[in-house]
Every structure is written in C-alpha cells, then in structure tokens.
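Close look at the chain arrangement
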Amino acid sequence: MSLERTPPYLQVVAALKAKIVSGELSHGDALPSVRELAAQYGISTATAQKVHRTLKAEGLAEARQGAATTVSTRRTLHRTAADRLEAALSTGRIYADGEYAVITAADLATPPEWVADLLGTEEGGQAVRRQRVTHNADDEPVSASTSWFSGDLAETVPSLLVKDRIVGGTPSAIEAHTGRRAVASEEAATADAATEEQAALLGVTPGSPVLLSRNVYVDAEGEVLEVGESVAPAGRWRVHRS
C-alpha cells in the first residue's frame, strides 16, 4: 500500500512506532497529546485520538486516569535484529534505554552447518561465537541470542572474544577495526516450543511457545559480517515498518 493511500492515522502511528522501536521514545516517555498530534501532523483531534487508541490496542502505549498517555514496551515489544542494526547505525546504541545484555560466551567454536555455509567456514573450522541474554529495565529476560562471525575476526577485532558488552554493538566494533560497515540485514522467523535450555534462559516453562529468529548482517559489497539466531518468549510484538 502506498503512503498516499494509507489512512492519515496509520501514517502517524507508523511514525511514532519508528521512534519507539529505535529507542527515540523509551518506555515511560509521554506521547504527544491529542492536541499536539493534531497540530504536528495536521490531522483532526478525532484522528489523533484514533492514533492513541491504536497504539494502546497494540500494547505500545498506556493511559492512566488524569495522566498523559505514555510509551509501554517492556513487556510487549520485541526488537528484531534489523531494529538493532538500524539503532546502531543511526544512534550508535544497539539497546533501548533500560535494556542490557549479559554476555554468557565469547569464544571460538564450531558453528552449525547453516551458519558455516553463510560465513564460508571450512568443514571442521571455527568461528567467533558471542552468546547473550538481553534483559529489560525490570530485569526480565526478553531474548537469548547467539551471534557468529568469521574466525578471521578473532585477531582483527579482539573485543569479540571478551565477555563484556561492546558499546555500540558488534557492527560498530567491526567497522572500527576493518572499515566494513553493516548496511542491511535479512531475517527469518518461526514459532516453536522452548527447549529446556531456552526455557531456563528466558524464565519460561519448557514447551512454552517462543519466537525463533535467524538473521544475517551484510556489508556494502553483500558480504556476510554476522550471522545470528535468537529466541524470545511469546506475547512480545514485532513491529514492521514500510
């Protein structure tokens, strides 16, 4: 659907969602009031009210009696690999306010076959592996993920093998050391049941529904920089922008 044919309220919803996903609007921030939205986007107050209702219906906003409508993301929003790459490239930050990651592994390991194929790792060869669990500001795990990189980067980007957070994310670290910049991502997702290991990381019951995602970051030449896999609990929404 073209932007011109998109209803005005959905155009405004999309603009606010983009700010929420990027972290420009964080959990607890006040959304523009109905009057502010109407003035800022040139829409009627009735249309602006529909914007608020839509965001609340999607779990991205909440309203309290006598208070402003605020952003609500801690228990509802799932940021994809594409979202995090966009945030890293535009803001230099890969996590939203209040989010933090605990790095559980940073080493050289034998990658799964599908990862080895994408990275071009020879059979039996090793790749750089980073595993992490991401938490929200309430200390709740929101995803567990593993990122894989070419084994050649072990010496070029030594921070990949350190169990500490990399400020700005792994794409920024790789660019700083090699000049190769991640410019695009591809992602696929499917629903599944949590394994015992996944359940332990996410604090859910084994067999609970989860979202599995696989992602690939590529540079301007189309060469693969990073391959990842993540798992997130049910009840968290992915926001698609077009």
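A brief structural summary. (Residues numbered from 1 in each chain as written. Predicted model: local features only at pLDDT ≥ 70, side-chain atom pairs only at ≥ 80, totals over all residues. Heavy atoms only, no water.)

Bringing the overall build of the protein into the picture now. For the protein, the helix and strand inventory stands at 8 helices and 10 strands. What you see for the protein is a C-alpha radius of gyration of 20 Å, in line with the 18 Å of a compact globule of 242 residues. For the protein, the spread of C-alpha atoms along the three principal axes comes to 60 × 40 × 30 Å. Burial statistics for the protein: of 242 residues in total, 44% are counted as buried. Counted over contacts in the protein with a minimum sequence separation of 6, partners at least 24 positions apart contribute 60%. Surface exposure of the protein reaches about 12700 Å², of which carbon and sulfur atoms provide 48%. Here the protein contributes 24 positive and 32 negative side-chain charges, whose respective centroids are spaced 11 Å apart. (Helix = DSSP H or I, 4+ residues; strand = E, 2+ residues; numbered from the N terminus. Rg over C-alpha atoms; globule rule 2.2 N^0.38 Å. Buried < 20%, exposed > 50% of the residue type's maximum accessible area, 1.4 Å probe, protein only. Contact = heavy atoms within 4.5 Å. Areas by Shrake-Rupley, 256 points an atom, 1.4 Å probe, with all protein chains shown as cover. Lys, Arg positive; Asp, Glu negative; His and termini not counted. Charge placed at Lys NZ, Arg CZ, Asp CG, Glu CD.)

Turning our attention to the pattern of salt bridges. Tallying each qualifying case throughout the model produces 4 salt bridges. Two residues, arginine 180 and aspartate 219, come together in a salt bridge whose shortest N-O distance is 3.0 Å. Note that arginine 180 is positioned in the loop between helix 7 (169-178) and strand 7 (182-193) and aspartate 219 in strand 8 (residues 209-219), a separation of 39 residues in sequence. A relative accessible area of 7% places aspartate 219 in the buried class. Put simply, glutamate 229 and arginine 214 hold a salt bridge, and the shortest N to O gap is 3.0 Å. Of this pair, glutamate 229 sits in strand 9 (residues 224-233) while arginine 214 sits in strand 8, placing them 15 residues apart in sequence. Look at arginine 214 and you get partly exposed, because its relative accessible area is 38%. (Salt bridge = Lys/Arg side-chain N within 4 Å of Asp/Glu carboxyl O.)

Judged by how many residues are buried, strand 6 (residues 141-149) sits mostly within the fold: 8 of 9 residues are covered. Sheet topology note: the strand 5 (residues 127-135)/strand 6 ladder contains 8 bridges and is antiparallel. Along strand 6, the bridge assignment pairs valine 133 with alanine 144. Linking strand 5 to strand 6, which pair antiparallel, is a turn of 5 residues; within it aspartate 139 sits at a positive phi near 65°. Where strand 6 and strand 9 come together, 5 bridges link them in antiparallel fashion. Among the inter-strand pairings, threonine 146 is bridged to a residue of strand 9, identified as glutamate 229. (Pairing = 2+ DSSP bridges.)

Here we take up the packing of aromatic side chains. A complete count under the given rule lists 0 aromatic pairs for this structure. Over the ring of tyrosine 9 we find lysine 50; its NZ or CZ atom is 4.3 Å from the centre of that ring. In this structure, arginine 214 packs its charged tip against the face of tryptophan 114, placed 3.9 Å from the ring centre. (Phe/Tyr/Trp six-rings, centres within 6.5 Å; stacked < 30°, edge-to-face > 60°. Lys NZ or Arg CZ within 6 Å of the ring centre and 35° of its normal.)

This part takes up the side chain of asparagine 215. Within the secondary structure, asparagine 215 is located in strand 8. The class of asparagine 215 is buried, set by a relative accessible area of 8%. Discounting residues that sit within four places of it in the chain, asparagine 215 has contacts with Ala81, Glu186, Glu187, Glu226, Val227, Gly228 and Glu229.

The next subject is the environment of valine 167. Tracing the backbone shows valine 167 in the loop between helix 6 (153-156) and helix 7. For valine 167, a relative accessible area of 75% puts it in the exposed group. For the pair valine 167 and alanine 137, spaced 30 residues apart in sequence, the C-alpha to C-alpha distance is 18 Å.

Looking now at the nonpolar core. Residues Val12, Leu16, Leu25, Leu31, Leu37, Val51 and Leu55 are the most contacted members of the largest nonpolar core, which totals 16 residues. Going through the elements one at a time, helix 1 (8-22), helix 2 (34-41) and helix 3 (45-57) are the ones with two or more residues in this core. Top contributing element to this core by residue count: helix 1, with 5 residues. Leaving out residues up to four positions away in the same chain, valine 51 has contacts with Tyr9, Val12, Val13, Leu16 and Leu37. Formed by 14 residues, the second largest nonpolar core is a distinct cluster that contains Leu85, Ile166, Ile174 and Leu225. (Core = buried A, V, L, I, M, F, W, Y, C linked by side-chain atoms within 4.5 Å.)

Attention now goes to the sheet that holds strand 6. Reading across the sheet, the 6 strands line up as 4-5-6-9-8-7 and stay open at both edges, with antiparallel pairing between neighbours. The sheet is open, and its two edges are formed by strand 4 (100-109) and strand 7, each paired on a single side. Each strand axis lies, on average, 15° off the axis of its neighbour in the sheet, ignoring direction. On the sheet, helix 7 packs against strand 5, strand 6, strand 7, strand 8 and strand 9 and is oriented at approximately 170° with respect to strand 9. (Axes fitted to C-alpha atoms, helices over the stretch in contact; angles between N-to-C directions.)

All quantities given are derived from atomic positions and should not be read as evidence of function.
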